[in-house]
Amino acid sequence: KAEQIEMEYFEDQNAEFNKLMRNDANRLCFDCGQISPQWASVNNGVFICGSCAEVHKTYGERISLVRSITMENWTQDELKFMQLGGNEEFCKF
């Protein structure tokens, strides 16, 4: 039963990321512009590519908490950062 709940949450998470990736600004890495980023800096609310994710990881989690948008389970709070943020919103900030 716990495995089913986890699978349902993962499916909901994937659906949310698919929705967020429909925004044109989120389809490019925030840092370098590479197409189809698969990583995110959660506390900055931006989508980044694998190469830039490696750089962000060197900053430490207090500066940039890096998560895969396809390979990791996210908390509700982490997803909320991305829903409220996104590449376009961070540029406005």
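Anything mentioned here points back to the structure above.
Residues numbered from 1 in each chain as written. Predicted model: local features only at pLDDT ≥ 70, side-chain atom pairs only at ≥ 80, totals over all residues. Heavy atoms only, no water.

Undergrad: Would you mind showing me how to read the pattern of salt bridges here?
TA: Side chains that differ in charge, positive against negative, can pair when their charged atoms come close. Inspection of the entire model under this criterion finds four salt bridges. A salt bridge links Asp24 to Arg27, with the shortest nitrogen-to-oxygen separation between them at 3.7 Å. We note a salt bridge from Arg67 to Glu78, for which the minimum N-O separation is 3.5 Å. You can see Arg67 sitting in strand β3 (residues 66–68) and its partner Glu78 sitting in helix α3 (residues 76–84), a full eleven residues away along the chain. (Salt bridge = Lys/Arg side-chain N within 4 Å of Asp/Glu carboxyl O. Helix = DSSP H or I, 4+ residues; strand = E, 2+ residues; numbered from the N terminus.)

Undergrad: Would you explain the packing of aromatic side chains in this entry?
TA: Scanning the model with the defined rule gives three aromatic pairs in all. Both rings, one in Phe17 and one in Phe47, keep their centres 6.4 Å apart while their planes meet at 85°; by these two values the pair is edge-to-face. Of this pair, Phe17 sits in helix α1 (residues 2–20) while Phe47 sits in strand β2 (residues 46–48), placing them 30 residues apart in sequence. Take Phe17 and Phe47: they sit in the same class, and that class is buried. On the numbers, 4.8 Å between centres and 70° between planes, the contact of Phe17 with Trp74 is edge-to-face. Taken together, the positions of Phe17 in helix α1 and Trp74 in the loop between β3 and α3 put the pair 57 residues apart, joining distant regions of the chain. The exposure class of Phe17 is buried, given its relative accessible area of 3%. (Phe/Tyr/Trp six-rings, centres within 6.5 Å; stacked < 30°, edge-to-face > 60°. Buried < 20%, exposed > 50% of the residue type's maximum accessible area, 1.4 Å probe, protein only.)

Undergrad: What is the right way to look at the nonpolar core in this model?
TA: General note: in soluble globular proteins, nonpolar side chains tend to be found buried as a group. In this structure, Phe17, Leu20, Met21, Ala40, Val42, Phe47, Leu65, Ile69, Trp74, Leu79 and Met82 together form the largest nonpolar core, which totals eleven residues. Elements represented by at least two residues in this core include exactly α1 and α3. When sequence neighbours within four positions are dropped, the list of residues in contact with Met82 reads Phe17, Leu20, Ala40, Ser41, Val42, Gly45, Val46, Phe47 and Trp74. The next biggest cluster of nonpolar side chains, apart from the first, holds eight residues, and it includes Cys29, Ile48, Cys49 and Val66. (Core = buried A, V, L, I, M, F, W, Y, C linked by side-chain atoms within 4.5 Å. Contact = heavy atoms within 4.5 Å.)

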